Amino acid sequence: MRRLFILLLLLGAMLGPVPVVAQAVVQGNATPASAGYDQMRLGMLRDLDRLDRQLNDPRLSDSDFDRLRSELERQRDVVTKQRAAQREEASAAQTLLEALGPAPEANQPRESAAVAETRRQLTLRNQRAQDAVKETDLALARLAGLQEKLTTESREQFTRRLAYRGTAPIVPDFWGQALADIPVAWNEAMLGLTPEALPGRTTLIQTVLVAIAVLLLGLPLAALLRRRRGVDGHVTAPPPERRSVAALVEWLRRTAVPVAALWACYAVINANGWLDAGPFGLLVGGLGYGLSLGLLATGLSGAALAWRHPEWALIDMPPAERAHLVLRVKVMSLIALLGAPFIALLGAPQVGSAGRDLVALVVTLYFLLFSLAIADRRLWRATTPEQRRLQFSWYSVLAVAILALIALLLGYYSVARFLAAGLLLTQLSFGSFLLLRLGFRDALRPAEQDATVELGDGQKPGSETARRLGSTGRFMAGLAIDILLLFGFIAMLLLAWGMSVSTLGGYALQLVYGVSIGSVTLSLVDVLVAVLLLAGGVGLTRFISGGLNMRLEGQTQIDAGVRNSIVTGVAYIGYVLSGILAVAALGLNLSNLAIIAGALSVGIGFGLQNIVNNFVSGLILLIERPVKVGDWVVVGGKEGYVRRINVRSTEIETFPRASVIVPNSELISTSVMNWTHRDKFGRVDIEIGLAYGSDVDKAETVLLGCLKQNKDILAYPAPYVVLRGFGEKTLNFVMRGHIANVERRMGIESEIRKDIYKACLRNDIAIPSNQTDVRFTDIERIEELLREFKSSKGREEV
């Protein structure tokens, strides 16, 4: 009873109060908590209904769409967190129910009242949480529908705005009406800039503090980069890699840090709600747009052209053309800075249609002049083809400019401004993307000392970071930077061609929260976490396996084969665990993966049969170890040392140092001669042929002495010599002796053969050469015949 009482106390403590979202009405039994949940659910439904009604209003402006989009994202964030909490609640209740075990059957003894009550409460808790999860899923589905509706309405409004046609500028009445609207709009804007309409002291203090914080963080870093890798006036002929990195540093100093401070201030003002405060909001928006455009243009030209140090210019342009281009950029940037706030004030909704059309006309002409000024092919004619890639195609710019001018003449002011603004921002984004990519690529390039380049104080000939990263690290870092730059370039293009910041942010948040594919939800955060876990797991596994290999090699007497098997096994376990962690971070159900793997098993059995066979054979080689690293093996006529046992194949290095890649399955299914399987103990067999007529006992003694006097021949088992047989021309002897290291067999055999040759010379034991000997058995009779022939030949001559 005491244990049961303690168990009930623990269960009660774990159950705790049921969260408000999960306390719904169950079978008509209402509780105070369920009433709170009903109020929350009704409030959420009222918010969704209100947002739906607002989306049906045809008078929505861009700021209204941005506000509704932000509110929908906020609601989605709240509901997503509620769903996650209820899923955890349901999982906890289900775990406790599984701990209690199944309820007893009808023919089984009944459980105690306390356990039955605990089971009932856990079941009720689980059911409430599951009902809450279903309701949050329904709310998320409705939010997704509202977001889709918002996107559709915003797109239709954008299309209607582009299709708007005002009075063409070639109509005489246009100019009189437009010029009359401008003073009225200006006076209304000035009247709206009252002290009450300006931000309070708190907002101003926050803005100044944020700007100071960003500048204090960015400027010292930019100064440090400039000292180490920036432009150095003492260097007269920097290599191309140094120039590109210096251009990157200049772009970061001139553009990245100021724009970051500017948009941080903009975010503070927006968070305090002052961008919607009539003329002040228009003034701040126009000032931010003009400053951003000017900083981007001047930063790009200053980095690529190196205003004060032409020898560091990324683009080799003649001095006259370079001066013209720099002057054009500075003038157009100054116009953007000074004119953008006034243009923004004159573009207020209360301005007459003719006045707004005149503002659109002026803005369009400015954008077109800016685009044509920086893309003028007369300025780029003297540059190299490789450097000319920083220039946006002149013919493309000219074609878009002509289309925009035609739209202006026909009265389609929105279309003209859309084309002109998109063209200019695309040029600046494209140039920034190429400059950043070139600079980061050369910064990651391994440093090489150039003796012809004299660097200034504090300058380094190359990147120490690149040297430490190694080739694989540089490739991975470059790939990550390319992906980030590509995403940034695509985002800039989308913003340049009409997508609002809030819409782009909504898509980014959707990627962060996750995209549902069937029953699986994948989010960018989960993917990044999975990639980091996989990369970190693989890196940690390699670090541990490398350290283990060094520790086993230096502090133990384990041979190379066993050491390789241990290290490879640890590496396989680490890779598998890393893969499991990555899959778990993605939120994928492993049971579903098992089902998919089972469904693909047939295809794997046929299509990947050899690969799977070799993989399993590799595991058998590591566990059973018939062949291990360092063994001297003979496989299919190929002889050499095993250097590496991989997942699919084994690498054998032959004596001429050629690598033979043998599939693992072949080492399992075919005969393999392993000279060093158990140990390196071996035997030398030397065959020698002696001439017929040699004293066989003396020859055997001499040959045995040659074996025994060699220091590598073991005394036990004792060496011996046998007369193997009678050859066609020789007496065939075989000498056999055991050695401790069979890998030295060829060298030992060579030494023994030398000793044999010397001993045979000393003891007059003939070793027949490779020639044919003719033996005469009756030499006396032959001599007598020759004498008779000679005497008979002499008588004939007489």
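Student: Tell me about the overall build of the protein, and please be specific about residues and values.
Tutor: Secondary structure assignment for the protein yields 24 helices and ten strands. Within the protein, residue pairs in contact and separated by at least 24 positions form 71% of the contacts whose partners lie at least 6 positions apart. Surface exposure of the protein reaches about 46,500 Å², of which carbon and sulfur atoms provide 62%.

Student: Describe the sheet that holds strand S10 (residues 730-739), and please don't skip the residues or the numbers.
Tutor: Pairing is antiparallel across the open sheet formed by three strands, whose spatial order is S8-S10-S9. Across the chains shown, the open sheet's two edge strands, defined by having one partner strand only, are strand S8 (682-691) and strand S9 (720-726). On average, adjacent strands in this sheet sit at an angle of 25 degrees to one another, irrespective of strand direction. In the sheet, S8 pairs with S10 via ten bridges, with the strands oriented antiparallel.

Student: Can you break down the pattern of salt bridges residue by residue, with the values?
Tutor: In this structure the tally under the stated criterion is 24 salt bridges. A salt bridge links Arg753 to Glu749; the nearest nitrogen and oxygen atoms lie 3.8 Å apart. In this pair, Arg753 and Glu749 both sit in helix H23 (residues 745-762), four residues apart, roughly one turn of the helix. Residue Arg753 is classed as partly exposed on the basis of its relative accessible area, which comes to 42%. Of the residues examined, Glu749 reaches a relative accessible area of 9% and is grouped as buried. Linked by salt bridges that have partners in common, Arg226, Glu250, Arg253 and Arg254 make up one network.

Student: Describe in detail the sheet that holds strand S7 (residues 673-674), supporting the description with residues and values.
Tutor: Hydrogen bonds along the backbone pair up the strands of a sheet, which may run parallel or antiparallel. On the basis of which strands lie adjacent, the open sheet formed by five strands has the order S6-S5-S4-S3-S7 and antiparallel pairing. On the outer flanks of this sheet lie strand S6 (659-663) and S7, each paired with one strand and no other. Here five bridges tie strand S5 (residues 649-654) to S6, and the two strands are oriented antiparallel to one another. Paired with Ser649 across the strands is Pro663, a residue of S6.

Student: Account for unusual backbone geometry, naming residues and giving values.
Tutor: A cis amide bond, omega -5 degrees, links Tyr716 with the succeeding residue Pro717. Note that Pro717 resides in the loop between helix H22 (696-709) and S9. With phi around 55 degrees, Asp764 is a residue other than glycine that occupies positive phi space. Residue class for Asp764 comes out exposed when judged on its relative accessible area of 72%.

Student: I'd love a proper account of the packing of helix H12 (residues 394-410) against helix H13 (residues 413-443), names of residues and values included.
Tutor: It is at 7 Å that the axes of H12 and H13 come closest, and there the two elements cross at 160 degrees. Relative to H13, the element H12 lies roughly antiparallel. Like other packed secondary-structure pairs, H12 and H13 cross with a definite hand, here left-handed. Counting all contacts with H12, which are made through Val397, Val400, Ala401, Leu403, Ala404, Ala407 and Leu408, the residues of H13 involved are Tyr413, Val415, Ala416, Leu419, Leu423 and Gln427. Broken down by class, the residue content of the contact of H12 with H13 amounts to twelve nonpolar, one polar and no charged.

Student: For the side chain of Ser371, give the residues involved together with the corresponding values.
Tutor: Tracing the chain through its elements places Ser371 in helix H10 (residues 353-374). When neighbours within four sequence positions are excluded, Ser371 is seen to be in contact with Val397, Ala420, Leu423, Leu424 and Gln427.

Student: Got a sec to walk through the packing of aromatic side chains? Specific residues and values, please.
Tutor: Applying the stated criterion across every chain, the model contains 13 aromatic pairs. On the basis of an interplanar angle of 40 degrees and a centroid distance of 6.3 Å, the ring pair of Trp632 and Tyr641 is categorised as tilted. Judged by its relative accessible area of 2%, Trp632 falls in the buried class. Under the relative-accessibility criterion, Tyr641 is labelled buried at 17%. Judged by centre distance (5.8 Å) and plane angle (85 degrees), the ring pair of Tyr641 and Phe655 falls under edge-to-face. Pair noted here: Tyr641 is in strand S4 (residues 638-645) and Phe655 is in the loop between S5 and S6, with a separation of 14 residues, a long-range link. Through pairs of rings, three or more aromatic residues link up here, namely Trp632, Tyr641, Phe655 and Trp675.

Student: Explain H23 to me, using residue names and the numbers behind them.
Tutor: Here H23 spans 26 Å end to end across 18 residues, near enough to the 26 Å set by a 1.5 Å rise per residue. All of the buried residues along H23 are Arg745, Ile748, Glu749, Ile752, Ile756, Ala759 and Cys760. Viewed along the axis of H23, the buried residues span an arc of 100 degrees, placing them on a single side of the element. Those residues of H23 that are exposed and angled more than 90 degrees off the buried face are Met746, Lys754, Leu761 and Arg762. Where H23 is buried, its residues contact strand S3 (632-635), S8, H22 and S10. Once H23 ends, the next one or two residues include Asp764, with phi positive near 55 degrees.

Student: Tell me about the pairing of S10, and please be specific about residues and values.
Tutor: Judged by how many residues are buried, S10 sits mostly within the fold: eight of ten residues are covered. As judged from the six bridges shared by S9 and S10, these two strands associate in the antiparallel manner. The residue of S10 that forms the bridge with Phe726 is Leu731. Where S9 hands over to S10, the hairpin turn is made up of three residues, counted between the paired strands.

Student: So what's going on with the packing of helix H6 (residues 201-229) against helix H7 (residues 240-271)? Which residues, and what values?
Tutor: It is the contact of H6 with H7, at a shortest axis distance of 8 Å, that shows an interaxial angle of 175 degrees. Here H6 lies roughly antiparallel to H7, going by the angle between them. Taken together, the residues of the contact of H6 with H7 sort by class into 18 nonpolar, four polar and five charged.

Student: Describe the environment of Asn272, and please don't skip the residues or the numbers.
Tutor: Note that Asn272 resides in the loop between H7 and helix H8 (279-305). Note: C-alpha distance between Asn272 and Thr202 (70 residues apart in sequence) is 9.6 Å. In this view, Asn272 contacts Thr203 and Gln206; residues no more than four positions away in its chain are not counted.

Student: Before we move on, can you summarise the confidence of the model for the protein with the specific residues and values?
Tutor: With 79% of its residues at a pLDDT of 70 or more, the protein has an overall mean of 77. Confidence drops under pLDDT 50 across residues 1-36; counting only partners more than four residues distant or on other chains, this segment forms 42 contacts. Within the model, the stretch residues 447-466 combines pLDDT values under 50 with 36 contacts to residues more than four positions away or in other chains.

Student: Give a description of the nonpolar core that names residues and reports values.
Tutor: Residues Leu293, Leu325, Phe367, Leu428 and Leu435 are the most contacted members of the largest nonpolar core, which totals 48 residues. Going through the elements one at a time, H7, H8, helix H9 (319-346), H10, helix H11 (377-380), H12, H13 and helix H14 (464-496) are the ones with two or more residues in this core. Examining the composition of this core, we find that twelve residues originate from one element, H13, more than from any other. Of all hydrophobic cores here, the second largest spans 21 residues; its members include Ile686, Leu707, Ile713 and Ile752.

Reading the values: the criteria
- Residues numbered from 1 in each chain as written.
- Predicted model: local features only at pLDDT ≥ 70, side-chain atom pairs only at ≥ 80, totals over all residues.
- Heavy atoms only, no water.
- Helix = DSSP H or I, 4+ residues; strand = E, 2+ residues; numbered from the N terminus.
- Contact = heavy atoms within 4.5 Å.
- Areas by Shrake-Rupley, 256 points an atom, 1.4 Å probe, with all protein chains shown as cover.
- Pairing = 2+ DSSP bridges.
- Axes fitted to C-alpha atoms, helices over the stretch in contact; angles between N-to-C directions.
- Salt bridge = Lys/Arg side-chain N within 4 Å of Asp/Glu carboxyl O.
- Buried < 20%, exposed > 50% of the residue type's maximum accessible area, 1.4 Å probe, protein only.
- Parallel < 35°, antiparallel > 145°, perpendicular 65-115°, else oblique.
- Left-handed = near helix turned anticlockwise from the far one by under 90°.
- Nonpolar A, V, L, I, M, F, W, Y, C, P; charged D, E, K, R; others polar.
- Phe/Tyr/Trp six-rings, centres within 6.5 Å; stacked < 30°, edge-to-face > 60°.
- Expected span 1.5 Å × (residues − 1).
- Arc of directions from axis to C-beta.
- pLDDT = per-residue confidence, 0-100.
- Core = buried A, V, L, I, M, F, W, Y, C linked by side-chain atoms within 4.5 Å.

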